[in-house]
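Structural characterization, general
Given next are the chains, with one letter for each unit.
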Amino acid sequence: KDNLAVAARLATALKGNKDKITRAFELLLGLQGAPVIYYGEEIGMQNAELTHRPNDLRFYVRGNFDWKLAEKQISNPDSILYKISEKIKKRVQTR
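A count of helical and extended segments in the protein chain gives four helices and zero strands. Each helix and strand of the protein chain, ordered N terminal to C terminal, gives the series α-α-α-α. For the protein chain, the proportion of its 95 residues judged to be buried stands at 27%. The long-range fraction of contacts in the protein chain, counting pairs at least 24 apart against all pairs at least 6 apart in sequence, stands at 61%. Total accessible area on the protein chain stands at roughly 7,100 Å², and carbon and sulfur atoms take up 54% of it. A gap of 4 Å separates the mean positions of the 17 positive and 11 negative side-chain charges of the protein chain.

Laid out in structure tokens, this is it:
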């Protein structure tokens, strides 16, 4: 009602810190149940830059998927996507 909600992508909340983002995924993937990964989180997408504050704060996290960023990261062992992919593979192998 008072519009005090927060809408932030993980990378925005963690200020783009790759180590913290990777650690957050380790925690998520270490829990029981089915992990939910919102599109773009696996490549470290930031909140959308909007020219005005929307009534619905979800617009900050509903930007277009950054395919160029994903392509850059897919084979880079130092990238967030590569590290997250490896963690997902490990989870699948151990379940």
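Next comes the rest of the account.
Think of an α-helix as 3.6 residues a turn; residues three or four steps apart then line up on the same face. Taking 1.5 Å of rise per residue, the 13 residues of helix α2 (residues 18–30) would be expected to cover 18 Å, and the 18 Å separating its terminal C-alpha atoms lies within 8% of that figure. What α2 keeps buried is the set I21, T22, F25 and L29. Across the axial projection of α2, the buried residues extend over an arc of 95°, all falling on one side. In α2, the exposed positions that point more than 90 degrees away from the buried face belong to D19 and G30. Looking at the packing, one finds that the buried side of α2 touches α1 (10–13) and α4 (80–94). In this structure N17 caps α2, since a side-chain oxygen of it lies 3.0 Å from the backbone nitrogen of D19.

A word on α4. With 15 residues, α4 extends 21 Å from end C-alpha to end C-alpha; this agrees with the ideal 21 Å at 1.5 Å per step. Taken together, the buried positions of α4 are I80, L81, I84 and R91. Buried residues of α4, viewed axially, fall in a sector of 90°; they line one side. In α4, the exposed residues that point more than 90 degrees away from the buried face are K90, Q93 and T94. Where the residues of α4 are buried, they touch α2 and α3 (67–73).

On the surface, a nonpolar cluster with roughly 230 Å² of combined accessible area is contributed by I37, I88 and V92. Mapped onto the elements, I88 comes out in helix α4. Judged by relative accessible area, which is 34%, I88 ranks as partly exposed.

Let us now look at the packing of aromatic side chains. This structure, assessed with the given rule, holds two aromatic pairs. Ring centres of Y38 and Y39 lie 4.9 Å apart, and the angle between their planes is 40°; this geometry places the pair in the tilted category.

What counts as what
Residues numbered from 1 in each chain as written. Predicted model: local features only at pLDDT ≥ 70, side-chain atom pairs only at ≥ 80, totals over all residues. Heavy atoms only, no water. Helix = DSSP H or I, 4+ residues; strand = E, 2+ residues; numbered from the N terminus. Buried < 20%, exposed > 50% of the residue type's maximum accessible area, 1.4 Å probe, protein only. Contact = heavy atoms within 4.5 Å. Areas by Shrake-Rupley, 256 points an atom, 1.4 Å probe, with all protein chains shown as cover. Lys, Arg positive; Asp, Glu negative; His and termini not counted. Charge placed at Lys NZ, Arg CZ, Asp CG, Glu CD. Expected span 1.5 Å × (residues − 1). Arc of directions from axis to C-beta. Polar contact = N/O pair within 3.5 Å; in protein donor to acceptor, adjacent residues only side chain to side chain. Patch = residues over 30% accessible without salt bridge, like charges linked within 9 Å, V, L, I, M, F, W, Y side chains within 5 Å. Salt bridge = Lys/Arg side-chain N within 4 Å of Asp/Glu carboxyl O. Phe/Tyr/Trp six-rings, centres within 6.5 Å; stacked < 30°, edge-to-face > 60°.

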